[in-house]
Amino acid sequence: MGIDGDAPVPPHRWFGEEGGRLSYGGYLRLPELLAQQRPQSEAPDELLFITIHQVYELWFKLLLHELENARQAMFAGELWRARHLFRRVHAVEKVLIEQVDVLETMTPQDFLMFREKLAPASGFQSVQFRELEFLSGLKDERYLGSFRHASDTELARLRRRLEEPTLWDAYLTALSQRGLPVSDDEIMGSLLAVARDRGSYDDLWQLAEDLLTHDATAAQWRTRHVQMVERQIGTKSGTGGSTGAPYLRGRTRLHYFPLLWELRAWL
Ligand code: HEM
Ligand SMILES: N[C@@H](CC(=O)c1ccccc1NC=O)C(=O)O
């Protein structure tokens, strides 16, 4: 019997798939994707370790796509579109925080079964993570010096991110398009004007809040990551050559948009 109760119809014809060429596995390129998890050891938890990192990098790829579009929307004055995209960005970033729980099901003992095979590789070398930081306003070309492992294409991407406008540049443009001055001396005055007159500037206020949530969520991830690191390796130094948790703790106070945090003191 077919799914809508008429004469028997074979499953492959239920949704007009007769002669259809696209398949689930083909559309998602699953054979290629599921062949990319290649442990360096026999340790049972290395598949978890590889899987979670590849999932993070896929989410980083999507975040870069959405944040570029949000930046473009702000430059174009389409603040509704930027706000729509930031709702998606915030939802993804909450998943990035939550999914650390999955990795924490790995014990330090089981991590040690393959950790020594990892050096000098480290998340420190995540090109997309740095792209997200640069696009969000935390540009630091010193990192390019530590990307000896990166391909020419990856280095070119990082250099482009260093040169191109940030989310903050786009927000300043949105302010200036509404007649608000954005020079270094005037920007705090404009942010206060927006904050104090939401009747006129609610869209700009809400967008600033979206930027701040992006900033706060990134800081939450850095804190969740270092907490997990301390649980996994304690005070050991990192495979990437850093002091480990102390280095990471030092980055938990970073801000993408310092003026939006400073604004609170002037309200
Ligand atoms: C057992 C799990 C993990 C441990 C022990 C760990 C440890 C570390 C350590 C010690 C560092 C500092 C650099 C170094 O010397 O290696 C680092 C950096 C980093 N890790 Fe992890 N990590 C783990 C999992 C992850 C995961 C799942 C991700 C997701 C992508 C990740 C992303 C990063 C990033 C982006 C950095 C650079 C942070 C920065 O420079 O601010 N790590 N990690
Ligand atoms: N830096 C980590 C090793 C590690 O977690 C890692 C190694 C290779 C690829 C990604 C990693 N994730 C984050 O650093 C450690 O020191 O144990």
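As the structure is a prediction and not an experimental result, all values here were calculated from the model.

A. Region of interest: the side chain of Glu-66. Relative to the helices and strands, Glu-66 is located in helix 3 (residues 46-75). Residue classification places Glu-66 among the buried residues on the basis of a relative accessible area of 5%. Only 3.1 Å separates the side chain of Glu-66 from the side chain of Arg-88, close enough to count as a polar contact. Once you skip the residues sitting within four places of it in the chain, Glu-66 turns out to touch Leu-85, Arg-88 and Val-89.

B. Quick peek at the coordination of the iron atom of ligand 1. The protein gives the iron atom of ligand 1 a lone donor atom, His-225 (NE2), placed 2.2 Å from the metal. Taken together, the 6 donor atoms coordinating the iron atom of ligand 1 span angles of 75 to 179 degrees at the metal, a pattern that classifies the geometry as octahedral. Tracing the backbone through its elements, the reader meets His-225 in helix 12 (residues 198-233).

C. Molecular detail of the UniProt feature "binding site: substrate" (unreviewed entry) in the protein chain. UniProt feature "binding site: substrate" (unreviewed entry): in the numbering of this structure it lies at Phe-49, Ile-50, Thr-51, Ile-52, His-53, Arg-115 and Thr-239. Set against the largest pocket, the annotated residues that line it come down to Phe-49, Ile-50, Ile-52, His-53, Arg-115 and Thr-239. Its place among the elements puts Phe-49 in helix 3. Leaving out residues up to four positions away in the same chain, Phe-49 has contacts with Leu-103, Met-106, Phe-111, Phe-114 and Leu-118. Tracing the sequence through the fold places Ile-52 in helix 3. Given the relative accessible area of 6%, Ile-52 is considered buried. Excluding residues that lie within four positions of it along the chain, Ile-52 makes contacts with Gln-99, Val-102 and Leu-103.

D. Up close: the layout of surface pockets. Considering only enclosed or pocket space, the largest pocket measures out at about 1400 Å³ in volume. For the lining of the largest pocket, the secondary-structure elements that each account for two or more residues are helix 3, helix 5 (100-103), helix 6 (108-115), helix 7 (127-135), helix 9 (152-163), helix 12 and helix 13 (245-249). Split into classes, the residues belonging to the lining of the largest pocket amount to 21 nonpolar, 16 polar and 8 charged. What lines the second largest pocket is simply Pro-120, Phe-124, Gln-125, Ser-146, Arg-148, His-149, Thr-239 and Gly-240. When grouped by side-chain class, the residues that make up the lining of the second largest pocket number 2 nonpolar, 5 polar and 1 charged.

E. Spatial organisation of the site of ligand 1. Lining the immediate surroundings of ligand 1 are 27 residues, of which Arg-130, His-225, Ser-242, Tyr-247 and Arg-251 lie closest. Ser-122 places a side-chain nitrogen or oxygen 2.7 Å from an oxygen atom of ligand 1. At 2.5 Å from an oxygen atom of ligand 1 is found a side-chain nitrogen or oxygen belonging to Tyr-247. Here ligand 1 occupies the largest pocket. At 6 residues, helix 12 tops the list of elements feeding residues into the shell around ligand 1. Looking at side-chain class alone, the shell around ligand 1 contains 14 nonpolar, 11 polar and 2 charged residues.

F. Representation of empty space enclosed by the protein in the model. With the rule as written, the count across this model stands at 1 cavity of 30 Å³ or more. Its volume calculated, the largest cavity comes out at about 180 Å³. What lines the largest cavity is a set of 14 residues, among which Glu-93, Leu-96, Phe-129, Ala-218 and Tyr-256 lie closest to the centre. For the lining of the largest cavity, the secondary structure elements donating two or more residues are helix 3, helix 4 (79-98), helix 7 and helix 12.

G. Quick look at the site of ligand 2. Residues in contact with ligand 2, as listed here, are Phe-49, His-53, Phe-111, Arg-115, Leu-118, Ala-121, Ser-122, Gly-123, Ile-233, Gly-238 and Thr-239. Measuring from an oxygen atom of ligand 2, one finds a side-chain N or O atom of Arg-115 at 2.6 Å. Gly-123 is positioned such that a nitrogen or oxygen atom in its backbone is 2.7 Å from an oxygen atom of ligand 2. Protein coverage of the free-state accessible area of ligand 2, which is 380 Å², stands at 80%. Judged by the fraction of its atoms near the pocket grid, ligand 2 is located in the largest pocket. Contributions of two or more residues to the shell around ligand 2 are made by helix 3 and helix 6. When its residues are assigned to classes, the shell around ligand 2 shows 5 nonpolar, 5 polar and 1 charged.

The rules behind the values
- Residues numbered from 1 in each chain as written.
- Chains lettered and ligands numbered in written order.
- Predicted model: local features only at pLDDT ≥ 70, side-chain atom pairs only at ≥ 80, totals over all residues.
- Heavy atoms only, no water.
- Helix = DSSP H or I, 4+ residues; strand = E, 2+ residues; numbered from the N terminus.
- Buried < 20%, exposed > 50% of the residue type's maximum accessible area, 1.4 Å probe, protein only.
- Polar contact = N/O pair within 3.5 Å; in protein donor to acceptor, adjacent residues only side chain to side chain.
- Contact = heavy atoms within 4.5 Å.
- Donors = N, O, S within 2.8 Å, 3.2 Å for Na, K, Ca; no water.
- Tetrahedral: all angles 85-135°; square planar, octahedral: opposite > 155°, others 65-115°.
- UniProt positions renumbered as here; feature names shortened; annotations may be inferred.
- 1 Å grid on protein atoms, 1.4 Å probe; cavity = no way out; pocket = protein on both sides within 12 Å on 5 of 7 lines; lining within 4 Å.
- Points joined across faces, edges and corners; volume = space filled by probe spheres on them.
- Nonpolar A, V, L, I, M, F, W, Y, C, P; charged D, E, K, R; others polar.
- Near = heavy atom within 4 Å.
- Sits in = over half its atoms within 2 Å of the grid points.
- Areas by Shrake-Rupley, 256 points an atom, 1.4 Å probe, with all protein chains shown as cover.

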